[in-house]
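As a plain string of letters, each chain reads:
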Amino acid sequence: MKKQVIAAAILLAASFGAFAAEPSYTYAQAGVARNSLDLGSNASNLDFDGWNVSGSYEFAKDFHAFGGYQKTSNDDFLDMNLEESQLGLGWHPSLADNADGLVELSYIHQRVEASAFGASAHDNIEGYRASVGFRAAFNDVIVGSLKANYTDLDTGSEFSPSVGLEARFNPMWSLVGEAEVTRDITRYTVGVRASF
């Protein structure tokens, strides 16, 4: 039994090294998104459902550029749309054979739009985000990330955590998911990623 446990540990360590040899920061992905707005303790959340696209490109050793666009909507009471664009630069130095650090800085543009009975109104919000965290391979299939974010927008600033999970089918295709909890909104995304 001890030999089987030792053999399993050796295989697990080998799979960490195999993934970490070529982590990919060049990818494109698309998926579904949900923004759940907390209306307070006496009301249910207001959910906005939609889609998102994003990508990243590694342009030098340990550096990448990234961006994304998301649009979600809710028509429970009014026709409401939330849009967010993000464009940034990141640094991903190796921390271990199976883990990279993450430092990212990005510009954010949000648009909120509401319409009813032929009238509409909208607002544009801008700002930036700084994130620090890490990305690690649990084995050659499962990869996780954890980040602490500081977001400073026209409407105020806050800290928030985000967590991501990637399940790889092969070196190119994977299923990805991410969640972020802010003061008023919890964000979820699930999608498919093609890595290059």
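Residues numbered from 1 in each chain as written. Predicted model: local features only at pLDDT ≥ 70, side-chain atom pairs only at ≥ 80, totals over all residues. Heavy atoms only, no water.

Tallying secondary structure elements over the protein chain gives one helix and eleven strands in all. The helix and strand sequence of the protein chain, counted from the amino end, reads α-β-β-β-β-β-β-β-β-β-β-β. Residue burial in the protein chain is summarised as follows: out of 196 residues, 35% are buried. Pairs at least 24 residues apart make up 45% of the contacts formed inside the protein chain by residues separated by at least 6 positions. If you sum the accessible surface of the protein chain, you get close to 11,500 Å²; carbon and sulfur atoms cover 63% of it. (Helix = DSSP H or I, 4+ residues; strand = E, 2+ residues; numbered from the N terminus. Buried < 20%, exposed > 50% of the residue type's maximum accessible area, 1.4 Å probe, protein only. Contact = heavy atoms within 4.5 Å. Areas by Shrake-Rupley, 256 points an atom, 1.4 Å probe, with all protein chains shown as cover.)

All chains considered together, the criterion is met by eleven salt bridges. When salt bridges with common partners are traced through the structure, they connect E84, R129, E180 and R187 into a single cluster. (Salt bridge = Lys/Arg side-chain N within 4 Å of Asp/Glu carboxyl O.)

Let us look at the confidence of the model for the protein chain. Within the protein chain, residue pLDDT values average 88, and 88% of them lie at 70 or more. This stretch, residues 1–22, has a pLDDT under 50; its non-local contacts, to residues over four places away or in other chains, come to 16 contacts. (pLDDT = per-residue confidence, 0-100.)

Bringing the packing of aromatic side chains into the picture now. On inspection of all chains with the given rule, the structure shows four aromatic pairs. When the centroid spacing of 5.5 Å and the interplanar angle of 55 degrees are considered together, the rings of W51 and Y69 count as tilted. In this pair, W51 is assigned in strand β2 (residues 46–60) and Y69 in strand β3 (residues 63–74), connecting sequence segments 18 residues apart. By relative accessible area, W51 is classed as partly exposed at 42%. Residue classification places Y69 among the partly exposed residues on the basis of a relative accessible area of 26%. (Phe/Tyr/Trp six-rings, centres within 6.5 Å; stacked < 30°, edge-to-face > 60°.)

Of note, D62 is a non-glycine position whose phi angle comes to about 70 degrees, a positive value. Relative to the helices and strands, D62 resides in the loop between β2 and β3.

As defined by bridge partners, strand β9 (residues 156–168) adjoins strand β10 (residues 173–181) across seven bridges and the pair is classed as antiparallel. Bridged to E166 within β10 is V176. Linking two consecutive strands that pair antiparallel, namely β9 and β10, is a turn of four residues. Pairing between β10 and strand β11 (residues 185–195): nine bridges, direction antiparallel. By the bridge assignment, L175 is partnered in β11 with V192. Taking the residues between adjacent antiparallel strands as the criterion, β10 and β11 are bridged by three residues. (Pairing = 2+ DSSP bridges.)

Attention shifts here to the side chain of S106. Note that S106 resides in strand β6 (residues 99–116). Its relative accessible area of 5% is what places S106 among the buried residues. There is a polar contact of 2.7 Å between the side chain of S106 and the side chain of Q86. (Polar contact = N/O pair within 3.5 Å; in protein donor to acceptor, adjacent residues only side chain to side chain.)

Moving on, we come to the pairing of β6. Here strand β4 (residues 79–91) runs beside β6; their pairing, made up of 13 bridges, is antiparallel. By the bridge assignment for β6, S85 is matched with H109. Bridging between strand β5 (residues 94–96) and β6 involves two bridges; their strand directions are antiparallel. From the neighbouring strand, S94 faces β6, where its bridge partner is D100. Both β6 and strand β7 (residues 119–137) contribute to a ladder of 18 bridges, which runs antiparallel. Along β7, the bridge assignment pairs A116 with A119.

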